[in-house]
Amino acid sequence: MAFREYKVGARMFGFSLGTSMCITILFPSFDMRSAVSTEVALDKQLVAGWDAGWNLSDPLMTGANKPVKVLLKNDPKTGQPLEQPTSAYVYPPGAWMPNAVGHPNNLGAGVEGLSVNQGRIGEAKKEGGAVFVIKAAQGGQPAYIENATATKGWIPGDVLKSVPDEDVAHIGAGKTMFVREGCWWCHTLLPEQTQDWQVFGAPPMLGDFNGESPTAFGSDRKGPDLLHVGSRNASKEWMMLHFFNPRLVQPHSIMPRFDYLWGSVDANGQKIDYDKWRAEYTDYREGKNPTPPDVPVPAKNSEARALIDFILSLK
Ligand code: HEC
């Protein structure tokens, strides 16, 4: 007797749920794997490596085990100048390989075949590391990934030794900082197909995200969209001041300061005295000092440096 009245309703519910699941499974509107990777997507997954969110290779999200992007002016093997400066993605031994290496079918038709057969990405192994470059699209052929360690004999350690520090960008580690610090609570990486376009630049294209993990679109904004922020403002110094204390450059900013990402020492190895800095800054705010104290230059291996490299890479 109890619950008998619900029999019809329960069947109707089961039928609707089953039908809707069948529609989803049997008639998907779009198969993600058919999206062909754009050059943007190739760059995004090569700069960030396997995963810039939480993962077992870096449980405390320190930015460890990440590749770096370098600008090469000379061939690292022969030392001869290259025809034009080339970006390369250096995976030192132990850095987890990008999704493209493990799952090349995510690259999409054409790009997969070229990357595997001509680019020899399948030969890249975590134990030995690898150096990748992107072969630009030409003719009707799409851009693809080349494993320069296999094709040109470029060894990760040699490449790193051959470039000066200003040509090295720790973008992958910086993206880990972006995710860890919750920048996405206030910023999106997704201009929309609305007036947004005029302010923040073009929305992304289908195929810009193949293999990228995580995408960090964000869903809610208290600050500007950052997908193209590096095109509006390419100043390292401005970013440095703004991250140390946003109020130095935007007096009424609600953005938190991220000075702790500097760590304990600056680029010259000098200890950073945060208490002294704040005392001087308070004097400045109260009008006792005409200028704010200087912001320390972040050390090469600091989290602040990585975050700035990531933000400036958002072109
Ligand atoms: C509480 C919200 C909030 C958080 C969290 C936050 N921001 Fe912001 N951010 C803002 C606001 C508001 C602005 C605009 C005012 C300003 O420039 O400070 C801004 C501005 C910026 C700008 C300049 C944008 C432009 O168009 O020139 C950058 C770059 C930036 N934030 C990066 C970050 C990064 C990276 C993080 C995480 C480490 C972060 N923000 C965390 C609110 C936030």
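What you are looking at is a predicted structure, and each value in this text was computed from that prediction instead of being measured. Along each chain, residues carry numbers from 1 onward, in the same order as the chain's sequence is written. For a predicted model such as this one, the threshold for reporting local features is a pLDDT of at least 70, and the threshold for listing and counting side-chain atom pairs is 80 or more; totals across whole chains, interfaces and linings nevertheless cover every residue.

Bringing the overall build of the protein chain into the picture now. Scanning the protein chain from terminus to terminus reveals 12 helices and five strands. With the C-alpha coordinates of the protein chain rotated into their principal frame, the extents come out at 80 × 60 × 40 Å. Residues classed as buried in the protein chain amount to 33% of the 315 residues present. Contact between residues is assigned whenever the C-beta positions, reconstructed from backbone atoms, fall within 7 Å. A sequence separation of at least 24 residues applies to 72% of the contacts in the protein chain between residues at least 6 apart. Counting from the N terminus, the helices are DSSP H or I runs at least four residues long and the strands are E runs at least two residues long. Three exposure classes are used, based on other C-beta atoms lying within 10 Å of a residue's own C-beta, which is placed from the backbone: buried for 20 or more, exposed for 12 or fewer, and partly exposed in between.

Turning our attention to unusual backbone geometry. The omega angle of the peptide bond from Ser 213 to Pro 214 is -10°, so this bond is cis rather than trans. Mapped onto the elements of the fold, Pro 214 is located in the loop between α8 (196–200) and α9 (229–232).

On to the sheet that holds strand β4 (residues 144–147), then. In space, the five strands of this open sheet follow the order β4-β3-β2-β1-β5, with antiparallel pairing throughout. Each of the sheet's edge strands pairs with one partner strand only, and the pair in question is β4 and β5 (168–169). Strand pairing is assigned whenever DSSP identifies at least 2 bridges connecting the two strands.

Each helix should span, by expectation, one fewer than its residue count multiplied by 1.5 Å. The end-to-end C-alpha distance of helix α11 (residues 274–285) is 16 Å, a good match for the 16 Å that 12 residues give at a rise of 1.5 Å each. Of the residues trailing α11, Gly 287 is marked for its positive phi of about 85°.

For the rest of this paragraph, the subject is the site of the ligand. Put plainly, near means the residue's C-beta atom, positioned from the backbone, lies within 6 Å of the molecule or strand in question. Taken together, 23 residues lie near the ligand, and Cys 183, Cys 186, Gly 223, Ser 253 and Met 255 sit nearest. Elements supplying a minimum of two residues to the shell around the ligand: α9 and α12 (303–313). The residue inventory of the shell around the ligand, partitioned by class, reads 14 nonpolar, six polar and three charged. Note that Gly is not counted as nonpolar here; it falls among the polar residues with everything else outside the nonpolar set of Ala, Val, Leu, Ile, Met, Phe, Trp, Tyr, Cys and Pro and the charged set of Asp, Glu, Lys and Arg.

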